[in-house]
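Letter by letter, the chains look like this.
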Amino acid sequence: MSAVTAAVPVASPVHAGTGPARPSSSSGLALVAALLGFAVITIDVTAVNIALPDIRATLHGGMAGLQWVVDAYTLMFAALMLSAGALADRAGARRAYVIGVGLFTVASLACALAPGIGALIAARVAQGAGAAVVMPASLALIRQAYDDPRRRARAIALWTVGGSVSVAVGPVLGGVLTEAAGWRSVFLLNLPVGAVILVLLARVARSPRRPAPLDLAGQATAVLALAGLAFAVIEGGHLGWTSAPVLAAFAVAVAAGFAFHRAEKRHPAPMVPLALLRQRQVGVALAVGFAVNAAFYGVTFLLGLYYQQLRGMSGVAAGLMFVPLAAIITGTNLVSPRAAERLGRRSVIVLGQAVLALAMFALVPLGADTPLWLVLVLLVPTGLGGAFAVPALTAQLLDSVPGERAGTASGLLNSLRQTGGAMSVALFGALLAGSGGGGEGDPGFSLSGMHTGLVVAGLTLCATTALAAWLLPRD
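Residues numbered from 1 in each chain as written. Predicted model: local features only at pLDDT ≥ 70, side-chain atom pairs only at ≥ 80, totals over all residues. Heavy atoms only, no water.

A closer look at the overall build of the chain
Broken down by element type, the chain carries 17 helices and zero strands. For a compact globule of 475 residues, the expected C-alpha radius of gyration is about 23 Å, and the chain comes in at 21 Å, within 12% of that figure. In terms of its C-alpha atoms, the chain occupies a principal-axis envelope of roughly 60 × 50 × 45 Å. Residue pairs at least 24 apart in sequence account for 85% of intrachain contacts in the chain once pairs closer than 6 positions are excluded. Accessible surface, the chain: about 17800 Å² in total, of which carbon and sulfur atoms supply 68%. Computing the positive centroid from 29 side-chain charges and the negative centroid from 17, the chain places the two 11 Å apart. (Helix = DSSP H or I, 4+ residues; strand = E, 2+ residues; numbered from the N terminus. Rg over C-alpha atoms; globule rule 2.2 N^0.38 Å. Contact = heavy atoms within 4.5 Å. Areas by Shrake-Rupley, 256 points an atom, 1.4 Å probe, with all protein chains shown as cover. Lys, Arg positive; Asp, Glu negative; His and termini not counted. Charge placed at Lys NZ, Arg CZ, Asp CG, Glu CD.)

Okay, structure coming up:
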């Protein structure tokens, strides 16, 4: 997640105007708790990317293991995001936030203590589940704490900026901690932060609840479909695309997808209303969100390994290489809404994707001896393109659905974007391993595989750019 990878979800309107205004001290504590939670789940992603080579050296998991360390978190985050908003409404924002932060913190301890790659992956699954609850609950907590729309808007802006800053801090912090104390310290850092959040929440006013139905069948089949697809893509590059486990995983993903469609069709309150997906603007927004995140997640995954495994850079140096990119993202996010007002949202969405597509193609010539200053220059359009398109994309989606569906549409967009990131890591990792398969004894970095992944990302963005230009309405 980042300013590019984490659009602001819309909190449920149920908490609007419920009860008297909260005292400023309670509101401030709620905001700090929400900021810390969003920051810690964001830092965790970017810091872990830098720690991957050290994890591989310690746990001997091979390239497939590293892919699962990243995707186990992202897949659970993506799948559970679909119903996490309903959980926040059902349990109350504060209680849901306590559950999410508590699960994330305990899972972080399990990650730090993991004796092997399998245990680490299992703990990352639990971390992703906790993060999925933290994201919507943190915004619902802010929505509850600030009744005044202007103060609430400022609070949400601070929440968003906090995520952008965390993107810049994460890689550097991951590099420093890994170099100084090993990769386990990256996860141990979450423990004191989680404890501080829980102490703050004890002083925040209780949240109202409402009887929000849970779509358990839809949620279970969504998780199964995404997990099956990720397994097939990750292991296909290592076991072979026609191997029995890979074909079985593809079959499970397809069967679970059909079961998900049937469950949503029959459920009285589905977490993904099928009528919503049939709306042209919604479908385009979801496709664009998937492609943008696939490119951004894919590039950060590739470059984290490129810097360390191919160029021999330290974790700290590799982390510092991401700071200019994060700064560009933060600045562009602030400019994008104004550009959308002047140029129109469709123009901004199309232009942002086109720039990001060009960025993917521009990175293809990267080699082991490419000057670092040139690498940084080539990353500029990567930061500009995605950060330019995402705010306008989110606004376009929310304006195209009824107000009561805003939370559902936002959750669906975030889920598809996280899924795009997970699928890109799965595919790019398989390409990156090359013919050696990325096993324990293999260096696990194919430069030609990296180039192929970048071309795939660029072509995908070209397709969604054309789709947006053709199907989105003119402002």
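Observations regarding the nonpolar core
In terms of nonpolar packing, the biggest core is built from 98 residues, with Leu52, Ile55, Leu120, Leu303, Tyr307, Met360 and Met450 touching the most fellow members. Ignoring sequence-local partners within four residues, the contact set of methionine 360 consists of Ala295, Val299, Thr382, Leu454, Ala457, Gly458 and Leu461. (Core = buried A, V, L, I, M, F, W, Y, C linked by side-chain atoms within 4.5 Å. Buried < 20%, exposed > 50% of the residue type's maximum accessible area, 1.4 Å probe, protein only.)

Let's talk about the packing of aromatic side chains
Under the criterion given, the structure shown has six aromatic pairs. Centre to centre, the rings of tryptophan 183 and phenylalanine 187 are 6.1 Å apart; their planes meet at 85°, and the pair counts as edge-to-face. Across the pair, exposure class does not vary: tryptophan 183 and phenylalanine 187 are buried alike. Three or more aromatic residues link up through ring pairs in this structure, and these residues are Tyr306, Tyr307 and Phe322. (Phe/Tyr/Trp six-rings, centres within 6.5 Å; stacked < 30°, edge-to-face > 60°.)

Describing helix H17 (residues 447-471)
Along its 25 residues, H17 runs 36 Å from first to last C-alpha, staying within 8% of the 36 Å computed at 1.5 Å per residue. Looking at H17, one finds that the buried residues are Gly449, Met450, His451, Gly453, Leu454, Ala457, Gly458, Leu461, Thr464, Thr465, Ala468 and Leu471. (Expected span 1.5 Å × (residues − 1).)

Things to note about a nonpolar patch on the surface
A cluster of nonpolar side chains, Val161, Val165, Val169, Leu334 and Val335, forms an exposed patch at the surface whose accessible area comes to about 400 Å². Those elements that provide at least two residues to the nonpolar patch are helix H5 (149-181) and helix H13 (323-343). In terms of residue count, the dominant contributor to the nonpolar patch is H5 (three residues). Within the secondary structure layout, valine 169 lies in helix H5. Valine 169 gets classed as partly exposed once you look at its relative accessible area, which sits at 35%. (Patch = residues over 30% accessible without salt bridge, like charges linked within 9 Å, V, L, I, M, F, W, Y side chains within 5 Å. Salt bridge = Lys/Arg side-chain N within 4 Å of Asp/Glu carboxyl O.)

Things to note about the side chain of threonine 300
Structurally, threonine 300 is set in helix H11 (residues 280-310). For threonine 300, the side chain forms a polar contact with the main-chain oxygen of tyrosine 297, separated by 3.0 Å. (Polar contact = N/O pair within 3.5 Å; in protein donor to acceptor, adjacent residues only side chain to side chain.)

Things to note about the pattern of salt bridges
Scanning the entire structure with this criterion turns up two salt bridges. Aspartate 399 is the partner of arginine 345 in a salt bridge, and the nearest nitrogen-oxygen pair spans 2.4 Å. Residue arginine 345 is located in helix H14 (residues 345-362), and its partner aspartate 399 is located in helix H15 (residues 372-399); the two are separated by 54 residues in the primary sequence. Arginine 345 sits in the partly exposed class, given a relative accessible area of 22%. Owing to a relative accessible area of 57%, aspartate 399 belongs among the exposed residues under this scheme.

Focus: helix H8 (residues 216-239)
Between its terminal C-alpha atoms H8 stretches 33 Å, which fits the 34 Å expected from 24 residues at 1.5 Å a residue. Looking one or two residues beyond H8, the residue adopting positive phi is glycine 240, at roughly 105°.

Things to note about the environment of leucine 398
Counting through the fold element by element, leucine 398 comes out in helix H15. When its relative accessible area of 22% is taken as the criterion, leucine 398 is described as partly exposed.

Some words on the packing of H14 against H17
In the contact formed by H14 and H17, the axes pass within 8 Å of each other and the chain directions differ by 165°. When the interaxial angle is binned, H14 and H17 end up roughly antiparallel. For the element pair H14 and H17, the recorded crossing hand is left-handed. Here Arg346, Ile349, Val350, Gln353, Ala354, Leu356, Ala357, Met360 and Phe361 of H14 lie close against H17, whose contacting residues are Leu454, Val455, Ala457, Gly458, Leu459, Leu461, Cys462, Thr464, Thr465, Ala468 and Ala469. The residue inventory of the contact of H14 with H17, partitioned by class, reads 15 nonpolar, four polar and one charged. (Axes fitted to C-alpha atoms, helices over the stretch in contact; angles between N-to-C directions. Parallel < 35°, antiparallel > 145°, perpendicular 65-115°, else oblique. Left-handed = near helix turned anticlockwise from the far one by under 90°. Nonpolar A, V, L, I, M, F, W, Y, C, P; charged D, E, K, R; others polar.)

Considerations on the environment of proline 324
With respect to the element layout, proline 324 can be found in helix H13. For the pair proline 324 and valine 380, spaced 56 residues apart in sequence, the C-alpha separation works out to 8.2 Å.

Some thoughts on the packing of H14 against H15
The N-to-C vectors of H14 and H15 enclose an angle of 150°; their axes lie 7 Å apart at closest approach. When the axis of H14 is compared with that of H15, the two are roughly antiparallel. Like other packed secondary-structure pairs, H14 and H15 cross with a definite hand, here left-handed. Here the residues of the contact of H14 with H15 sort into 16 nonpolar, six polar and two charged.

Here's the deal with a positive patch on the surface
Taken together, the side chains of Arg262, Lys265, Arg266 and Arg278 define a basic patch exposed on the protein surface. Relative to the elements of secondary structure, arginine 262 occurs in helix H9 (residues 244-266).

Things to note about the confidence of the model for the chain
Averaged over the chain, the pLDDT score is 85; the fraction of residues at 70 or greater is 90%. In the model, residues 1-23 has pLDDT below 50 throughout and makes 78 contacts with residues more than four positions away in sequence or in other chains. A low-confidence stretch, residues 436-443 (pLDDT under 50), is modelled with 17 contacts involving residues beyond four sequence positions or located in other chains. (pLDDT = per-residue confidence, 0-100.)

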